[in-house]
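Take a look at the letters that make up each chain.
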Amino acid sequence: MLGQVQYLPLIFGLITGVILVIGFYKFRKKKELPAKDKKQIDEVAREIIAKNRQADLGLVARELPAHKKEKQEAKVPLKSERKDLKEALRGTKANLFGRIQNVFTSKDSLTDEDMENLEEILYTSDLGPGTVQRLLESVNDKFEKKEISDFTGVCNALKSEMLHIFQINKESDYEELFNIGNHGKTKPQVWMIVGVNGAGKTTTIGKLANTLSKKDLKIMVAAGDTFRAAAGDQLKVWSERANVEIFFPENIKDPSAVAYDACEKAKAQGIDVLIIDTAGRLHTQDNLMEELKKMKRVIQKVIPEGPHETLLVLDSNSGQNALIQADKFHTALDVSGVVLTKLDGSAKGGVAVGLACEYSLPIKMIGVGEGIDDLRPFNSQEFVDSIL
Ligand SMILES: Nc1nc2c(ncn2[C@@H]2O[C@H](COP(=O)(O)OP(=O)(O)OP(=O)(O)O)[C@@H](O)[C@H]2O)c(=O)[nH]1
Ligand SMILES: [Mg+2]
């Protein structure tokens, strides 16, 4: 009897162990997904990996993980936080001017080593190789002619060459863009907004619509991004905020059909500017380009001289990838100008110089925050003075 009692804790321990093991497996089984769902998740994961490979090549923006994506989709910021351009370009200035300043051995004279250091900094500043060469040639030329002999001289030489490059950015571009209703411009003016996913297209449309509606113009935005489920709703929030009309037919899934109907509707309603949102997220870049080209052709069926603007939205944080994107989009769509977004907090704003130098693309506007008022005209003098 005493012997049996001795074994009781052992027996009790064994029973508890068995219960725990069964419980653990039951719990795990409950959490396991049906095979169908697992397959779907695997497919999505594979798709994201493939897209991210493309992102590494600069063809599309990097895909966000689901939890971050939801956050981004739900987020339609209301207030602008930063407006001062110098403040917005602080990161870019630190990356360019800051680094140049740091490597110059003396502020009063220049050595060959200084010039070599300058070369290295420029090549790692997202300006693009062609642009760096042009800037270096100009500085070297002035250095050899003894026109510059110190750090300030180098900065001034860089600034002056950048301003030359930016001459394609007529300061009137921005004014001209918003000069609707004058100079016999036809109605509606159609603006197509393109760019890779996450670049800031929809946000820019909200900002543009707001700027235009303040000018007492009749504005319509069209939800041409039928690819991403939340895209139309996001545009709707912006349209309400900017107090403009939206064309958002939830039953039409073909973006070209949306563009066509939007043009017809805008024409019939005497709209001044129709701004068409587009998707940035298709399986391959070729598909995206073909889709966008088709949209353009369809717009021309209703408004033969449209779209009057094909604005490419580029995220300045993507640095030299923005140059690759510009190449692809410009070749396919004959882009009329660039909106360079997220300059606030970016250290890669130097890409603006590369875009102007290598693709002769005018930067029509810049995004300096997530708020509705955070869109500014691009002023080359102000820009150059803010980064050097
Ligand atoms: N800081 C900052 N954020 C910006 C700016 N422009 C857009 N964003 C943010 O960038 C994110 C993506 O913007 P969207 O307008 O949704 O980008 P999109 O190109 O329409 O993206 P898809 O519809 O997925 O192709 C959002 O969180 C915006 O708030 C900007 O100028 N500065
Ligand atoms: Mg969008």
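Here, every reference points to the structure presented above.
Residues numbered from 1 in each chain as written. Chains lettered and ligands numbered in written order. Predicted model: local features only at pLDDT ≥ 70, side-chain atom pairs only at ≥ 80, totals over all residues. Heavy atoms only, no water.

K.L.:
What am I meant to see in the sheet that holds strand S2 (residues 219–222) here?
P.N.:
Sheet strands associate in pairs through backbone hydrogen bonding, adopting either a parallel or an antiparallel arrangement. The eight strands are arranged S3-S2-S4-S1-S5-S6-S7-S8 in an open sheet whose pairing can be described as mixed. Each edge of the sheet is formed by a strand with only one pairing partner; in this case those strands are strand S3 (245–247) and strand S8 (375–377). On average, each strand axis in the sheet is inclined to that of its neighbour by 25°, with strand direction left out of account. Summarising the sheet, strand S1 (residues 189–194) and strand S4 (residues 273–276) pair through four bridges and their orientation is parallel. Pairing of Gln189 across the sheet is with Val273, part of S4. (Pairing = 2+ DSSP bridges. Helix = DSSP H or I, 4+ residues; strand = E, 2+ residues; numbered from the N terminus. Axes fitted to C-alpha atoms, helices over the stretch in contact; angles between N-to-C directions.)

K.L.:
I'm lost on the site of ligand 1 in this one. Help?
P.N.:
As a matter of local geometry, ligand 1 sits amid 23 residues, with Lys201, Thr202, Thr203, Asp344 and Glu370 nearest to it. Contacts to ligand 1 include Gly200, whose backbone N or O atom sits 2.9 Å from an oxygen atom. One of the side-chain nitrogen or oxygen atoms of Lys207 is found 3.4 Å away from an oxygen atom of ligand 1. Protein contacts shield 94% of the accessible area of ligand 1, which totals 650 Å² for the unbound molecule. Top contributing element to the shell around ligand 1 by residue count: helix H10 (residues 201–213), with four residues. (Near = heavy atom within 4 Å. Polar contact = N/O pair within 3.5 Å; in protein donor to acceptor, adjacent residues only side chain to side chain. Areas by Shrake-Rupley, 256 points an atom, 1.4 Å probe, with all protein chains shown as cover.)

K.L.:
I would appreciate a short explanation of the pairing of strand S5 (residues 309–315) in the present structure.
P.N.:
Each regular strand shows side chains that alternate between the opposite faces of the sheet. Within S5, seven of the seven residues are buried, which leaves it mostly tucked inside the rest of the structure. In S5, alternate side chains face the same way, and those of Glu309, Leu311, Val313 and Asp315 on one face and Thr310, Leu312 and Leu314 on the other are all buried. With four bridges connecting them, S1 and S5 associate as parallel partners. By the bridge assignment, Ile193 is partnered in S5 with Leu311. In terms of strand pairing, S5 meets strand S6 (residues 337–341) through five bridges, oriented parallel. (Buried < 20%, exposed > 50% of the residue type's maximum accessible area, 1.4 Å probe, protein only.)

K.L.:
What should I look at first to understand a nonpolar patch on the surface in this one?
P.N.:
Taken together, the side chains of Tyr7, Leu8, Leu10, Ile11, Leu14, Ile15 and Ile19 define a hydrophobic patch exposed on the protein surface, amounting to about 750 Å² of accessible area. Looking at the secondary structure, you find Leu14 in helix H1 (residues 2–31). (Patch = residues over 30% accessible without salt bridge, like charges linked within 9 Å, V, L, I, M, F, W, Y side chains within 5 Å. Salt bridge = Lys/Arg side-chain N within 4 Å of Asp/Glu carboxyl O.)

K.L.:
Is there a simple way to explain the pattern of salt bridges in this structure?
P.N.:
Proximity of charged atoms lets side chains of opposite charge pair with each other. With the rule as written, the count across this model stands at 13 salt bridges. We note a salt bridge from Glu87 to Arg90, for which the minimum N-O separation is 3.9 Å. Judged by relative accessible area, Glu87 falls into the partly exposed class, the value being 30%. The closest approach of N and O atoms between Lys294 and Asp254, which form a salt bridge, is 3.8 Å. Highlighted residues: Lys294 in helix H13 (residues 285–302) and Asp254 in the loop between S3 and helix H12 (255–268), separated in sequence by 40 residues. We classify Lys294 as partly exposed; its relative accessible area is 34%. By relative accessible area, which is 30% here, Asp254 ends up partly exposed.

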